[in-house]
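The primary structure of each chain is shown beneath.
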Amino acid sequence: MDEYLAPVPRGLHKVAISAIQRELSNYELNIVVVAEPVDDEAEYYRYLQQQLGGQKGVFGSLFDYKYLKQHVSVGYSDEESIWTVSGILPGCVWLHITTNAPAKKVYGITVIGPLLACAKLWNLKDPLNCSDVDDAVRDFQRIVEKDNYRICRALNLWKRHAQCWPDYQVPKNDEKLTFRVSCVRAHSKNYKYDREEFLRRTVDIIIPKGDGYAVNLSNYDFEMVLFILNPSCLAIAVMLRPNQLLGTKGFNSNNLPSDTSPPNLPGNLTGQLTRLRPTTAHLLHELADIQRGEIVLDPCAGIGTIPFHVGSNGIGLGGDICLEPQSNNVETKASLEYIQKFGPQNRNTNICAWDAGCLPIRTASIDVVVSDLPFGKQCLSSKKLTTVLPIWFSELARILRPGSGRMVLLCGAHKCIVKSLQEPHGNVRQNWDITSVFPVNISGLLAWIVMVRRGDQAAAVQVPNYKDRLRKHTARREQGRKRRRKS
C-alpha cells in the first residue's frame, strides 16, 4: 500500500474526498484527515458553529449564515455547516491517503493539486517544543530514531510518479539523484524560533548523509518536505509534482506550490496572467455534478480555466470582455496568446470575446453555469460589481434551461450576489432558488460558494429598465476604454 499526503481547500475538502473515492473505487483506499488548524480561536468558533445548527434564513431555501469573527466564516449547505479560516496553510485540509492504486492512476486525479509521497507521519502524545530550538531538535531526533525512519518507500513511489512527468528521465543510479529539503510550518505565535533555523539543524536527520544523495537547491530531482502541521502532528514527505521542471516554486516559500495541471502557463506569461487553480476548477465542476453532454458556461472566463477543464463529459463554453482584440493592454495580449496556444488542445471547449450582460447565446440552451466571478477588488470595484450583477443574472436566467439549469458561483462576498439574485428589483423577483451559501479558502483568501438552481418558470424575468441599464453600462465601458487609449 502506498501512502500520500495531499492538501485540499477547506470548504471543498469533502467534495475532494468524494471525487478521490470515485476515481479509486476499484482499489483499496483509506482517507484520513490529518490535522486541523492549531488556532485555538478557530477551534472555539468551530464549536460555536456546530451549536448554531442549520436554521432557515430570510431567503427561503438559503440557510442561515453568520460571521463569528473577521477571520472565521461559517455558512451552510443543504446537509451540513461549513467553516473556514484565512491563511494558506490553516485554510487547507491535509489528507492522508493510503491505497494500492497504480501511481499513474493517482497522479491523474484532477482534484488534487500538490501531492506528496508520505515517508512518515507522526501524531505525538508529547508535542514538539515550541519555545527552545535545542529542545525541539532533540525531540525530533528522538522521534525519528525511535521509529527507525527511512525514505526508501517514499522515494520508490516518487520514481513511479516521475515516470509520468513530461520530458523527464529518472536516473538509474540513485547516487546521481539531487534533492533539496524544505520545511512547512503552520503559523502560530507559540513558536519562538524560525523554521529555517530548525530545518538547518535537522536536515541530516531527515536525509542522513550516508544515503548518498547530493544537495542542489535550484536544479534538483526531488524535494523532501518536513511538515509541522501543529506541534503534535509532524510528517516527512516527497513532492510528486514536477514544479522544478516547470520553473515554479515548491514548498520552500512555506506556501502551497503552484498548480502543475496542464495546460501550464509558459514562463513568459507567468508574471502577466493570474488564473484560478485548475484543481479548484475541477472541484467546482464536481459541485455542479456535470452530466455527459451538458453545456457548461463561464460568462467571466478570463483565460478559460473553468471551460478548459470541463473534461470529456461536458462541453465547455466561456468568454470575457477582456478578450476583445481591440483592448490594447498587456493582460489582454497575454490572455489571447495563451488561448491561441492551448485552446486547440481542448476540442470540446470554445472561448469567445463577449460582454456578460449581453450574451450571444440562445434562450434556454445552457445546462450549467460555473464561474469565478470578479471579487470586486482587482477586477471591478465593489460598487461597479453591484451595478452589473443584476444585468448579468438577468442574462443567465434567460439562457439557462428552466427547471434543470443550475449555477455554481465562486465569489469574494456573498451578500451582493444573494441580494442581486433574490431581492426584488422594483416589483419583480428573479426566478432563482439558492440552495447553498458557504465559505471556502482559495489560495489563503476567504471566498464563498453560492449554489443556485433555475426555477421552472419558462420565461426569464428581467430586471426593470434592463435595456436602459445595459446601455448605460456599455457607455461607461466605452468611455473608460477611450480614456485608457488617450493615456
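Given the structure is predicted, the values throughout are model-derived calculations rather than measurements.

Colleague: Would you take a moment to explain the overall build of the protein for this structure?
Modeller: Of the regular secondary structure elements, the protein holds 13 helices and 18 strands. If you take every contact in the protein between residues at least 6 apart in sequence, the share linking residues at least 24 apart comes to 74%. Accessible surface, the protein as shown: approximately 23100 Å² in total, 47% of it carbon and sulfur.

Colleague: In this structure, what is going on with the packing of aromatic side chains? I would like to understand it.
Modeller: Overall, the coordinates contain 12 aromatic pairs when judged by the stated rule. Pairing Trp-122 with Phe-140 gives two aromatic rings, centres 6.3 Å apart and planes at 75°, and the pair type is edge-to-face. With Trp-122 in strand β7 (residues 116–123) and Phe-140 in helix α4 (residues 133–146), this residue pair connects regions lying 18 residues apart in the sequence. Given the relative accessible area of 4%, Trp-122 is considered buried. Residue Phe-140 is classed as buried on the basis of its relative accessible area, which comes to 1%. Through pairs of rings, three or more aromatic residues link up here, namely Trp-158, Trp-165, Tyr-168, Phe-179, Tyr-213 and Phe-222. Cation over ring: Arg-185 sits above Tyr-191, and NZ or CZ is 4.2 Å from the ring centre. Here Arg-241 stacks its cationic end above the ring of Tyr-107, 5.0 Å away from the centre of that ring.

Colleague: What should I look at first to understand helix α1 (residues 13–23) in this one?
Modeller: Residues spaced three or four apart along an α-helix face the same direction, because each turn holds 3.6 residues. Of all the residues in α1, the buried ones are His-13, Val-15, Ala-16, Ile-17, Ala-19 and Ile-20. Where α1 is buried, its residues contact β1 (2–9), β2 (29–33), β6 (92–99) and α8 (278–288).

Colleague: Looking at this structure, I do not really get the environment of Pro-127. What am I missing?
Modeller: Checked against the element boundaries, Pro-127 lands in the loop between β7 and α4. In this structure, the C-alpha to C-alpha distance between Pro-127 and Asn-230, residues 103 residues apart in sequence, is 8.4 Å. The residues contacting Pro-127, other than those within four sequence positions of it, are Pro-231 and Ser-232.

About the cut-offs
Residues numbered from 1 in each chain as written. Predicted model: local features only at pLDDT ≥ 70, side-chain atom pairs only at ≥ 80, totals over all residues. Heavy atoms only, no water. Helix = DSSP H or I, 4+ residues; strand = E, 2+ residues; numbered from the N terminus. Contact = heavy atoms within 4.5 Å. Areas by Shrake-Rupley, 256 points an atom, 1.4 Å probe, with all protein chains shown as cover. Phe/Tyr/Trp six-rings, centres within 6.5 Å; stacked < 30°, edge-to-face > 60°. Buried < 20%, exposed > 50% of the residue type's maximum accessible area, 1.4 Å probe, protein only. Lys NZ or Arg CZ within 6 Å of the ring centre and 35° of its normal.

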